[in-house]
Amino acid sequence: QVQLVESGGGLVQPGGSLRLSCAASGSIFSINAMGWYRQASGKQRELVADITNGGSTNYADSVKGQFIITRDNVKNTVSLQMNNLKPEDTAVYYCNLSSYKLGRWRSDAWGQGTQVTVSS
C-alpha cells in the first residue's frame, strides 16, 4: 500500500516558473518509476514526464527542454520544475507511482491532483 501527496500548484503568468512536488509513503517496489501526468479541460490525461529509481527519464515532446523531473530515492519524492510556462500548460497535474513486475509496468498509486493555471 502506498500513498502519494502532491504540492506546489497554483496560478502563474506566462513565462513564469512553478515547481511541483510529490511524496510517496508506504511499500515501494524495488524497480519503480515516479512521474507526472496532466489533464487539461476536455482532453485525455497524458504523460508529462517520469523517472525511474535508476535515474532514466522520459518526457513528452511538448515539454522537452522546458520541464525537468528529478527524484530523491531516499526520501521517495519526485519534483517537476516547470519553466517558461505557457497557457497550454494549464491542467490538473497528477503524480504517479508505477512498478515493473512480471514483465510489465503497473500503476500502483495516484496523487490527488493539483491545479496549474497559466494566465495573464
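In this text the structure is predicted, and so the values were computed from the model without any measurement.

## Some remarks on the pattern of salt bridges
No. 1: Counted according to the given criterion, the structure contains 3 salt bridges.
No. 2: Close ionic contact of Arg 38 with Glu 46 constitutes a salt bridge, the shortest N to O distance being 2.9 Å.
No. 3: Note on Arg 38: relative accessible area 7%, which makes it buried.
No. 4: The network of salt bridges with common partners includes Arg 38, Glu 46 and Asp 89.

## Comments concerning the pairing of strand 5 (residues 46-52)
No. 1: With 6 bridges joining them, strand 4 (residues 32-39) and strand 5 adopt antiparallel strand pairing. By the bridge assignment, Trp 36 is partnered in strand 5 with Ala 49.
No. 2: From the end of strand 4 to the start of strand 5, which pair antiparallel, there are 6 residues, and Gly 42 there has a positive phi angle of about 80°.
No. 3: Here 3 bridges tie strand 5 to strand 6 (residues 57-59), and the two strands are oriented antiparallel to one another. Residue pairing in the sheet places Ile 51 in a bridge with Thr 57 of strand 6.

## A short note on the state of the cysteines
No. 1: With the rule as written, the count across this model stands at 1 disulfide.
No. 2: For Cys 22, the disulfide goes to Cys 95, at an S-S distance of 2.1 Å. Residues Cys 22 and Cys 95 are joined by a disulfide whose S-S torsion is about -90°; by sign, that bridge is left-handed. Within this pair, whereas Cys 22 is found in strand 3 (residues 18-26), its partner Cys 95 is found in strand 9 (residues 91-101), the two being separated by 73 residues in sequence.
No. 3: Cys 95 sits in the buried class, given a relative accessible area of 0%.

Here is what the cut-offs are and how they apply
- Residues numbered from 1 in each chain as written.
- Predicted model: local features only at pLDDT ≥ 70, side-chain atom pairs only at ≥ 80, totals over all residues.
- Heavy atoms only, no water.
- Salt bridge = Lys/Arg side-chain N within 4 Å of Asp/Glu carboxyl O.
- Buried < 20%, exposed > 50% of the residue type's maximum accessible area, 1.4 Å probe, protein only.
- Pairing = 2+ DSSP bridges.
- Helix = DSSP H or I, 4+ residues; strand = E, 2+ residues; numbered from the N terminus.
- Disulfide = S-S within 2.5 Å.

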